[in-house]
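Coordinates in review
Letter by letter, the chains look like this.
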Amino acid sequence: MKILVTGGAGFIGSHTLVELNAAGHETVVIDNLSNSNRKSLERVAELTGKEIPFYEVDIRDREGLNRVMEAHHFDACIHFAGFKAVGESVEKPWEYYENNISGTLTLLDVMRQHGCKNIIFSSSSTVYGNPAIIPISEECPKGHCTNPYGQTKSMLEEIMMDMQKADKEWNIVLLRYFNPIGAHPSGRIGEYPNGIPNNLMPYVTQVAVGKRTELGVFGNDYPTHDGTGVRDYIHVVDLARGHVAALKAIERKCGIAIYNLGTGQGYSVLDVVTTFEKVNGIKIPYSIKPRRAGDIATCYSDPSKAEKELGWKAQYGLEEMCRDSWNWQKNNPEGY
Ligand code: NAD
Ligand code: UFG
C-alpha cells in the first residue's frame, strides 16, 4: 500500500517507517519538525535502503496538505502528528487543542476531498482514565482524562467515530498505545525528548549517561507489589509492527476498529530500574518522591483482540526494551 505518515520524523513514526518499508509498503512523510529532527529520516533511509519522500508540512496547513495529496495517491494515512506532553498540555491547553484537534480535522477533510478515507490513528491508554477493569480490554469504558492532551485523544476518537457513522466509506483504526519505550536494535533511531524528560525510561537513560544525577520515583505507597506505579511497557519496534498489522483491518474494510497495543504485562517503576541495572550493568541511583498529580496506580492491557483479529502480538520483553533504550542513548547522548 502507499501510506501517508504524518509525524513520521518522530519517535514512533520513524520506527513505523522502518517496519512499513520492511513489509513492502511505500511511504511518504509529512512533519513540521516541531518535536523532531530530519536526521531521523536520514537514519530511516540508512536502515531501509530507501529514500523516503519528505514534506515539511504542518497538518494545519490545508494548502500544504493539498499539494502533497495532489502529488501522490494514498491508500491510507497513519496519523502520528500531534503534541504529546501531558504536563505541557496543562500549561498550554489552547495550543494542544488547536494543534491536535484542528490539525486532525484539517487532515481528515483534505483526505476525504482526495478520496482517501482510510486512517490509523495514534490514540492512547490515557483514554481509559482510571480504568474500571484491569487488565484493560477495549470493552473497558472510557474514563475521565485529567489533562488536555488526553482529552484531545479522547475527543478525536469520538469525532472520527461520528464521521464514520455518517459516511460508511471511512475505515478508521484507533490504536490505543500503552507505554512505548526502547529503540531500534541498531541504535540508529530512538527517542530524544526536549528538556527534562517527563517519562520514566528517558529519565532512566539520562541518569545512566550522566546527564541527571538520580531518578525521582513518584510514590511508593500505591497498592502494587512494591508500592510503585505499574505500567504496560511495550517495545517501540513491536508497536511499529502493530501499525503494519492494523493495515489488515483497513484492507478488510473494518469501518471502526479499536485495538490496544500493549504486552499485557505490568511492571513497576522499580522493576524497570532493577531490570535496566541488570541488563546493562549500570547502577541507577534513585530516591522516593511524592506521588505525581494525575498518576494512577496500575495500568496494563489485555492485548488479545489485536492478536485474534490482526495476528499481532508483542515479541520483546522488558529486558530487550532496557537494552535497546540504553543502546540508543549511549550511542546518541545528545540525540540526533
Ligand atoms: P513525537 O513527538 O516524537 O512525534 C510526533 C511528531 O509529530 C513529531 O515529529 C512532530 O514534529 C510532529 N508534529 C507535531 N505537530 C505537528 C503538526 N501540526 N504538523 C505536522 N507535524 C507535527 O511523538 P511520538 O512519541 O512519536 O508519538 C506519536 C503519536 O503517538 C502522537 O500522536 C502521540 O500523542 C501518540 N502517543 C504517544 C505515546 C508515547 O508515550 N510516546 C503514547 C500514546 C500515544
Ligand atoms: N515515573 C517516575 N519517575 C519519573 C517518571 C515517571 O517514577 O521521572 C513513574 C510514573 O509515576 C509512572 C511510571 O513511572 O508510575 C510511568 O510514567 P511515564 O510518565 O513514563 O508514563 P505514564 O504512564 O504516566 O504516561 C505515558 C504518556 C502518556 C500516555 C501513557 C499511555 O506520558 O501520554 O503513557 O500511553 F498516555
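All of the points below concern the structure found in this document. Quantities reported herein were computed from a predicted structural model and do not represent experimental measurements.

**Focus: the sheet that holds strand S9 (residues 230–231)**
An order of S12-S9-S14 is seen for the 3 strands of this open sheet, with the pairing classed as mixed. Of all the strands in the sheet, the pair left with one neighbour each is strand S12 (267–268) and strand S14 (298–299).

**Some details on the packing of aromatic side chains**
Per the stated rule, a full pass over the model turns up 4 aromatic pairs. With a centroid separation of 5.3 Å and 55° between ring planes, the pair formed by Phe83 and Tyr96 is classed as tilted. On the criterion of sequence distance, the pair formed by Phe83 in the loop between strand S4 (76–79) and helix H4 (86–91) and Tyr96 in helix H5 (residues 93–113) is long-range, its members being 13 residues apart. Ring geometry for Trp328 against Tyr336: centres 5.1 Å apart, planes inclined by 55°, an arrangement best described as tilted. Residue Tyr336 is classed as partly exposed on the basis of its relative accessible area, which comes to 22%. For Arg291, the ring lying beneath its charged end belongs to Tyr222, and the centroid distance is 4.0 Å.

**Here we look at the site of ligand 1**
Near ligand 1 there are 27 residues, and of these Asp31, Asn35, Ser36, Asn99 and Tyr149 occur at the shortest range. Take Ser36: an N or O atom from its side chain is 2.7 Å from an oxygen atom of ligand 1. The contact in question runs from a nitrogen atom of ligand 1 to an N or O atom on the side chain of Asn99, over 2.6 Å. For ligand 1, the accessible surface in isolation is 810 Å², of which the surrounding protein chains cover 95%. Contributing elements (two or more residues each) for the shell around ligand 1: helix H1 (11–22), strand S5 (118–124) and helix H6 (148–166). For the shell around ligand 1, the leading source of residues is S5, giving 3 residues.

**A word on the sheet that holds S4**
In space, the 7 strands of this open sheet follow the order S3-S2-S1-S4-S5-S6-S11, with parallel pairing throughout. Two strands lie at the open edges of the sheet, namely strand S3 (54–55) and strand S11 (256–261), each paired on one side alone. With 7 bridges joining them, S5 and strand S6 (residues 171–177) adopt parallel strand pairing. Across the sheet, residue Ile119 finds its bridge partner in S6, namely Ile172.

**Looking at helix H3 (residues 62–71)**
For H3, the complete set of buried residues consists of Gly64, Leu65, Asn66, Val68 and Met69. Looking at the packing, one finds that the buried side of H3 touches strand S1 (2–6), strand S2 (26–30), S3 and H5. Where H3 starts, the residue carrying a side-chain oxygen 3.2 Å from the main-chain nitrogen of Glu63 turns out to be Asp61.

**Some thoughts on the packing of helix H7 (residues 200–208) against helix H11 (residues 318–331)**
Running from amino to carboxyl end, H7 crosses H11 at an angle of 55°, the nearest separation of the two axes being 10 Å. One finds that H7 runs oblique with respect to H11. Crossing handedness for the pair H7 and H11: right-handed. Across the interface between the two elements, Met201, Pro202, Thr205, Gln206 and Ala208 of H7 pack against Cys322, Ser325, Trp326 and Gln329 of H11. Residues of the contact of H7 with H11, tallied by class, amount to 5 nonpolar, 4 polar and no charged.

**Side note on the pattern of salt bridges**
In a structure, side chains of opposite charge can pair up when their charged atoms sit close to one another. Counted under the stated rule, the structure contains 23 salt bridges. Among the salt bridges present, the one from Glu46 reaches Arg188, with a minimum N-O distance of 2.6 Å. Placement of the pair is Glu46 in helix H2 (residues 39–48) and Arg188 in the loop between strand S7 (179–181) and H7, with a sequence separation of 142 residues. Among the ionic pairs, Lys165 bridges to Asp162, the shortest N-O distance being 3.7 Å. Placement of both Lys165 and Asp162 in helix H6 is noted, with a separation of 3 residues, approximately one turn of the helix. It is possible to trace a salt-bridge network through shared partners that takes in Lys142, Glu157, Glu158 and Arg176.

**Details of the site of ligand 2**
Surrounding ligand 2, one finds 21 residues, the nearest of these being Ser124, Phe178, Gly216, Arg231 and Asp295. Between an oxygen atom of ligand 2 and a side-chain N or O atom of Asn179, the distance comes to 2.9 Å. Here Gly216 contributes a backbone N or O atom positioned 2.8 Å from a nitrogen atom of ligand 2. In the complex, the protein chains occlude 89% of the 690 Å² of accessible area that ligand 2 would expose alone. Ranked by residues supplied to the shell around ligand 2, first place goes to strand S8 (residues 215–218) with 4 residues.

**Let's talk about the packing of H7 against helix H9 (residues 269–280)**
Helix-helix packing is described using two parameters, namely the angle between the two axes and the distance between the axes. Where H7 meets H9, the closest approach of the two axes is 11 Å, and the angle between their N-to-C directions is 35°. Both H7 and H9 take part in a crossing whose hand is right-handed. Along the contact surface, H7 presents Leu200, Met201, Val204, Thr205 and Ala208, while H9 presents Val269, Val272 and Phe276.

**Looking at unusual backbone geometry**
A cis amide bond links Ile134 to the next residue, Pro135, at an omega of -5°. Inspection of the secondary structure puts Pro135 in the loop between S5 and H6. Of note in this structure, Lys253 is not a glycine but carries a positive phi near 55°. On the secondary structure map, Lys253 appears in the loop between helix H8 (236–251) and S11.

What counts as what
- Residues numbered from 1 in each chain as written.
- Chains lettered and ligands numbered in written order.
- Predicted model: local features only at pLDDT ≥ 70, side-chain atom pairs only at ≥ 80, totals over all residues.
- Heavy atoms only, no water.
- Pairing = 2+ DSSP bridges.
- Helix = DSSP H or I, 4+ residues; strand = E, 2+ residues; numbered from the N terminus.
- Phe/Tyr/Trp six-rings, centres within 6.5 Å; stacked < 30°, edge-to-face > 60°.
- Buried < 20%, exposed > 50% of the residue type's maximum accessible area, 1.4 Å probe, protein only.
- Lys NZ or Arg CZ within 6 Å of the ring centre and 35° of its normal.
- Near = heavy atom within 4 Å.
- Polar contact = N/O pair within 3.5 Å; in protein donor to acceptor, adjacent residues only side chain to side chain.
- Areas by Shrake-Rupley, 256 points an atom, 1.4 Å probe, with all protein chains shown as cover.
- Contact = heavy atoms within 4.5 Å.
- Axes fitted to C-alpha atoms, helices over the stretch in contact; angles between N-to-C directions.
- Parallel < 35°, antiparallel > 145°, perpendicular 65-115°, else oblique.
- Left-handed = near helix turned anticlockwise from the far one by under 90°.
- Nonpolar A, V, L, I, M, F, W, Y, C, P; charged D, E, K, R; others polar.
- Salt bridge = Lys/Arg side-chain N within 4 Å of Asp/Glu carboxyl O.

Limitation: the analysis is restricted to geometry and does not speak to function.
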